[in-house]
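Summary of structural features
Residue-level listing of the chains:
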Amino acid sequence: MEIILIITNFPDKASALKVAQQLIEDRLAACVNILAESTSVYRWQAKIETANEIPLIIKTVAENYEWVEKVVKSLHPYELPEIIAVPVKMGLPAYLQWVTDEVSGL
């Protein structure tokens, strides 16, 4: 199975934690890192915006992307949440196997 990292941001820790717990409970992710608050600068609707956000790194398999996206979108307060996936090309084989095992329920 192809391992991927899904990256998203939430406006507060409570909503980030809610998504992380749901993904783990549903076995859609092996691990979700909730990072320290960061500042995002971006253009939205022709205006430059600045926002404090909580980044999430979701570790899962490519086969789960569609389901993870649905969960994130359903619990996300933003009109257009960032949800991007990055393939993992290499990693400690035992760790990658752990990710696969966790999302497959083994």
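The structure displayed is predicted, hence computed values, not measured ones. (Residues numbered from 1 in each chain as written. Predicted model: local features only at pLDDT ≥ 70, side-chain atom pairs only at ≥ 80, totals over all residues. Heavy atoms only, no water.)

Section: helix α1 (residues 13–25)
Spelled out, the test is: In DSSP terms, a helix is any run of H or I states spanning at least four residues, a strand is any run of E spanning at least two, and both are numbered starting from the N terminus. Given the number of residues in a helix, its expected span is that number minus one, multiplied by 1.5 Å. Throughout this description, buried means an accessible area under 20% of the type-specific maximum (1.4 Å probe, protein chains only), exposed means over 50%, and partly exposed covers the range between. Each direction from the helix axis to a C-beta atom contributes to the arc, which is the arc of those directions. Polar contacts, as used here, are pairs of N or O atoms within 3.5 Å; protein pairs need one atom able to donate a hydrogen and one able to accept it. Residues neighboring in sequence count only if both atoms are side-chain atoms.
Here α1 contains 13 residues, and its C-alpha end-to-end distance of 18 Å stays within 8% of the 18 Å for a straight helix at 1.5 Å per residue. Those residues of α1 that sit buried are Ser15, Ala16, Val19, Ala20 and Leu23. For α1, the arc enclosing every buried residue in end-on projection is 135°, short of the 170-degree limit, so these residues lie on one face. Among the exposed residues of α1, those pointing more than 90 degrees away from its buried face are Lys13, Ala14, Lys18 and Glu25. Measuring from the side-chain oxygen of the N-cap residue of α1 to the backbone nitrogen of Ala14 gives 3.2 Å; that N-cap residue is Asp12. Phi turns positive, to about 60°, at Arg27, one or two residues after α1.

Structural notes on the side chain of Ser40
Stated precisely, the cut-off is as follows: Note on definitions: a residue-residue contact is assigned when non-hydrogen atoms from the two residues lie within 4.5 Å.
Looking at the secondary structure, you find Ser40 in strand β3 (residues 38–44). Of the residues examined, Ser40 reaches a relative accessible area of 15% and is grouped as buried. Looking at Ser40, its side chain comes within polar contact range of the side chain of Glu53, at 2.5 Å. When neighbours within four sequence positions are excluded, Ser40 is seen to be in contact with Glu49, Thr50, Ala51 and Glu53.

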